[in-house]
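Overview (structure and organization)
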Amino acid sequence: MAINGRAAALGVRGEDIATAFLEAQGWQIIERNWRCPAGEVDIIAWDEAAQAIVFVEVKSRSSVAFGEPIEAITWRKLTKLRELAILWLRATTPRVRNIRLDAIGVLLGRDGIPEVTHVREIGA
């Protein structure tokens, strides 16, 4: 399924906002848009407070007409995120004890002020 230019731009803007949001909390961004043949992880970051590598799925919306952004993260998407986390860990062999799956929803309304929702341990 091809993504039109408007949706792609919204996705990139949402990821930029999510990245800035995490950095403002002191997180270190390790990678953005990590790709492999199995798929893509939006953000991979280090959460110093939790001493964990966090795999973050970002969903962006311009309205809630089709639900909140976080609601777009399905069981199937979480399963794929888990698979991709394992593949990234195998490819990079970091020495970490803790990993976590998080989600960030970014709502970009008409006022231009983004509303960010961060759900930790979405796969738990």
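Note that the coordinates shown come from a computational prediction; the quantities given were computed from them, not determined experimentally.

Parameters and conventions
- Residues numbered from 1 in each chain as written.
- Predicted model: local features only at pLDDT ≥ 70, side-chain atom pairs only at ≥ 80, totals over all residues.
- Heavy atoms only, no water.
- Pairing = 2+ DSSP bridges.
- Helix = DSSP H or I, 4+ residues; strand = E, 2+ residues; numbered from the N terminus.
- Axes fitted to C-alpha atoms, helices over the stretch in contact; angles between N-to-C directions.
- Expected span 1.5 Å × (residues − 1).
- Buried < 20%, exposed > 50% of the residue type's maximum accessible area, 1.4 Å probe, protein only.
- Contact = heavy atoms within 4.5 Å.
- pLDDT = per-residue confidence, 0-100.
- Core = buried A, V, L, I, M, F, W, Y, C linked by side-chain atoms within 4.5 Å.

**Here we look at the sheet that holds strand E3 (residues 52–61)**
- Across the sheet, five strands lie side by side as E1-E2-E3-E4-E5; this open sheet has mixed pairing. Each edge of the open sheet is held by one strand with a lone partner, namely strand E1 (28–36) and strand E5 (114–119). For this sheet, the mean inter-axis angle between neighbouring strands, taken without regard to orientation, is 30 degrees.
- Sheet topology note: the E1/strand E2 (residues 39–47) ladder contains seven bridges and is antiparallel. Residue pairing in the sheet places Gln28 in a bridge with Trp46 of E2.

**Regarding helix H1 (residues 5–24)**
- Between its first and last C-alpha, H1 extends 28 Å over 20 residues, near the 28 Å set by a 1.5 Å rise per residue.
- Taken as a whole, H1 has its buried residues at Gly14, Glu15, Ile17, Ala18, Thr19 and Leu22.
- Buried-residue contacts for H1 involve E1, E2, E3, strand E4 (98–108) and E5.
- With its phi angle positive at about 90 degrees, Gly26 sits one or two positions after the end of H1.

**Considering the pairing of E5**
- In terms of strand pairing, E4 meets E5 through six bridges, oriented antiparallel. Counted as the bridge partner of Leu107 is Glu115 from E5.

**Some details on the environment of Val119**
- Mapped onto the elements of the fold, Val119 is located in strand E5.
- On the basis of relative accessible area, Val119 is assigned to the partly exposed category, the value being 28%.
- When sequence neighbours within four positions are dropped, the list of residues in contact with Val119 reads Ile70, Asp102 and Ala103.

**Looking at the confidence of the model for the chain**
- Residues with a pLDDT of 70 or more make up 96% of the chain, whose mean pLDDT is 90.
- No element of the chain has a lower mean pLDDT than H1, which averages 89, and none a higher one than E2, which averages 97.

**Here we look at the nonpolar core**
- Among the nonpolar cores identified, the biggest contains 17 residues, and Val41, Ile44, Phe55 and Trp88 are the most heavily contacted of them.
- Among the elements that make up this core, the one with the highest residue count is helix H2 (residues 75–92) (six residues).
- Setting aside chain neighbours within four positions, we find Val41 in contact with Arg32, Asn33, Trp34, Phe55, Val56, Leu81 and Leu84.
- Formed by 13 residues, the second largest nonpolar core is a distinct cluster that contains Ile17, Ala45, Ala52 and Val58.

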